[in-house]
Amino acid sequence: MFNLFKKKPEPQEEKNLKFESRYSYEWKDDVPESERTAENMCSPFCAKMMEMHKLYTRSELQKISAFLGYDVVARGGGYWKDEENGIPCKHTWKSQIVQRK
Ligand SMILES: [Zn+2]
């Protein structure tokens, strides 16, 4: 009945398999579950990213950064309004290791 926890996969032995990092956009760990709502979105950017639910490569994040004019890797949705008076973004990137196909 409580079979929620799958056994961890065996460590990958084969050397020729390629792994790479992808990044998903997530709520920061310190944001309570009850605050993870659409009304609490820090910016239209965050709303869009959460809606997309995609994994991004580093170079895709660099393109998004170039488009927005700031480093989304370091700052997520940045600050609402401005850095001194604004509220910091409640989101962060989490890296996921995926196997390259
Ligand atoms: Zn945010």
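Residues numbered from 1 in each chain as written. Predicted model: local features only at pLDDT ≥ 70, side-chain atom pairs only at ≥ 80, totals over all residues.

Asker: Quick question: what am I supposed to make of the overall build of the protein chain here?
Answerer: Tallying secondary structure elements over the protein chain gives three helices and five strands in all. Starting at the N terminus and ending at the C terminus, the protein chain contains elements arranged as β-α-β-α-α-β-β-β. Scored against the burial criterion, the 101 residues of the protein chain give a buried share of 11%. Considering only contacts within the protein chain whose residues lie at least 6 apart along the sequence, 68% involve residues at least 24 apart. (Helix = DSSP H or I, 4+ residues; strand = E, 2+ residues; numbered from the N terminus. Buried ≥ 20, exposed ≤ 12 C-beta atoms within 10 Å, placed from the backbone. Contact = placed C-beta atoms within 7 Å.)

Asker: Would you take a moment to explain unusual backbone geometry for this structure?
Answerer: Trans is the prevailing form of peptide bonds, just as negative phi is the prevailing case for residues other than glycine. Although it is not a glycine, His53 adopts a positive phi angle of roughly 50 degrees. Note on placement: His53 falls in the loop between α1 (44-52) and β2 (55-56). Among the residues examined, His53 registers 8 C-beta atoms within 10 Å and is labelled exposed.

Asker: Hey, could you run me through the sheet that holds β2 in this one?
Answerer: The strands that make up a sheet are held in pairs by hydrogen bonds between backbone atoms, and each pair lies either parallel or antiparallel. Strand order in this open sheet of three strands is β2-β1-β5, and the pairing throughout is antiparallel. Each of the sheet's edge strands pairs with one partner strand only, and the pair in question is β2 and β5 (91-99). Here strand β1 (residues 19-27) runs beside β2; their pairing, made up of two bridges, is antiparallel. Bridging from a neighbouring strand, Ser24 pairs with Leu55 of β2. (Pairing = 2+ DSSP bridges.)

Shape descriptors only; they carry no functional weight alone.
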